[in-house]
Amino acid sequence: MGGGKTGKNPTDRAKLGVKRSLLVEANGIPVGLAVAGANRHDMKLTRATLASIPADAGRPVPTDAAPQGLSLDKGYDYDEVRDIAHEFAFTAHIVARGEEAQALKRKAGYKARRWVVERTHSWMNRFRGILIRWNKKPENYIAMLHMAFAFIIYGRMGLTG
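The rules behind each value
- Once a new chain begins, its residue numbering starts again from 1 and follows that chain's sequence as written.
- The predicted origin of the model limits local features to residues at a pLDDT of at least 70 and limits the giving and counting of side-chain atom pairs to 80 or more, whereas totals for whole chains, interfaces and linings rest on all residues.
- Water and hydrogen atoms were dropped before computing side-chain values, which therefore reflect all heavy atoms in the structure.
- Note on conventions: DSSP H or I runs of at least 4 residues are helices, E runs of at least 2 residues are strands, and numbering of each starts at the N terminus.
- Type-normalised accessible area, obtained with a 1.4 Å probe on protein chains alone, sets the label of each residue: buried when under 20%, exposed when over 50%, and partly exposed for intermediate values.
- In what follows, a contact means two residues having at least one pair of non-hydrogen atoms within 4.5 Å.
- The protein chains shown are the only cover counted for residues, whose accessible areas, like all others here, come from Shrake-Rupley with a 1.4 Å probe.
- Any two strands with at least two DSSP bridges between them are considered paired.
- By convention, a crossover is right-handed whenever its connection, traced from the first strand over the helix to the second and viewed with the strands pointing away, goes clockwise.
- Each reported salt bridge corresponds to a side-chain nitrogen of Lys or Arg within 4 Å of a carboxyl oxygen of Asp or Glu.
- Ring geometry is summarised as follows: Phe, Tyr and Trp rings, the Trp one being its six-membered ring, pair when their centres sit within 6.5 Å, and such pairs are stacked at plane angles under 30 degrees, edge-to-face over 60 and tilted between the two.
- Taking the helix axis as origin, the arc is that swept by the directions to the C-beta atoms.

If you tally the helices and strands in the chain, you get 6 helices and 5 strands. Overall, the chain shows an N-to-C arrangement of helices and strands of β-β-β-α-β-α-β-α-α-α-α. Taking all 161 residues of the chain together, 34% fall into the buried category. Contacts in the chain between residues at least 24 apart in sequence constitute 49% of all its contacts with a sequence separation of at least 6. As presented, the chain carries roughly 10200 Å² of accessible surface, and 54% of it is formed by carbon and sulfur atoms.

Structure follows, in structure tokens:
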């Protein structure tokens, strides 16, 4: 593998790997992306992920009456992450792993939030060039990710045959 933006994966016998930090909207449409070595902690990619939101993405201006939430899992439970979310005008909702599962069982009509990004990662893994990173240059890998985003968005719009 090798190349830029790779690092030793702590869960896979220290093989080189890549970590994708993904920001999606409520329906799973990719909005932001950051790529780093697999040995980086998720919370270290927060700023780069939020900064990658395109300026012309049509993001509505958050107000007190209509704030914009940012759902994160327990891996982001740090004051630094909350500060970064506030800097980008998001309200951080950090939920522990067990809390969301319990809420699904107890509350009728409760909608899980965190699984949306996992589903989008699954959609991205259907592309062979993304599931296994063959590109040595990080800019080529990021271009492949953006191409996969285009196919995902196209499919989610209902324009496919």
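Right, let's get into unusual backbone geometry. Backbone geometry at Ala-89 places phi at a positive 65 degrees, although glycine is not the residue there. Take Ala-89: it is sitting in the loop between α2 (79–87) and β5 (91–95). Overall, Ala-89 belongs to the partly exposed group, its relative accessible area being 38%.

Below, the discussion takes up the pairing of strand β4 (residues 69–73). Relative to β5, β4 runs parallel, the two sharing 5 bridges. Opposite Leu-70, over in β5, you have Ala-92 as the bridge partner. After leaving β4, the chain enters α2 and then returns to the sheet as β5, a path that is right-handed.

Right, let's get into the pattern of salt bridges. The full count for this structure, using the stated rule, is 5 salt bridges. Taking the shortest distance from any N to any O, the salt bridge between Glu-87 and Arg-47 comes out at 2.7 Å. Placement of the pair is Glu-87 in helix α2 and Arg-47 in helix α1 (residues 46–51), with a sequence separation of 40 residues. Residues Asp-77 and Lys-74 are paired through a salt bridge, measuring 2.8 Å at the closest nitrogen-oxygen approach. Its relative accessible area of 30% is what places Asp-77 among the partly exposed residues. By sharing partners, the salt bridges in this structure join Lys-74, Asp-77, Asp-79 and Arg-82 into a single network.

What follows covers the packing of aromatic side chains. In this structure the tally under the stated criterion is 1 aromatic pair. Aromatic side chains Phe-127 and Phe-151 sit 6.0 Å apart centroid to centroid with 25 degrees between the ring planes, which places their arrangement in the stacked category. Linking Phe-127 in the loop between α4 (115–124) and α5 (128–131) with Phe-151 in helix α6 (residues 138–156), this pair joins segments that are 24 residues apart in sequence. For Phe-151, a relative accessible area of 51% gives the class exposed.

Mapped onto the elements of the fold, Lys-136 is located in the loop between α5 and α6. Assessed through its relative accessible area of 52%, Lys-136 is described here as exposed. Once the C-alpha coordinates of Lys-136 and Gly-4 are considered, the two residues, 132 residues apart in sequence, prove to be 6.8 Å apart.

Another point: α2. Within the sequence span of α2, burial applies to Val-81, Ile-84 and Ala-85. Viewed along the axis of α2, the buried residues span an arc of 100 degrees, placing them on a single side of the element. Set apart from the buried face of α2 by more than 90 degrees, the exposed residues are Asp-79, Asp-83, His-86 and Glu-87. Against the buried residues of α2 lie α1, β4 and β5.

Summarising the sheet, strand β2 (residues 16–24) and strand β3 (residues 30–37) pair through 7 bridges and their orientation is antiparallel. Within β3, the position partnered with Arg-20 by the bridge is Val-35. A loop of 5 residues connects β2 with β3, the two strands running antiparallel in sequence, and Gly-28 in this loop sits at a positive phi of about 90 degrees.

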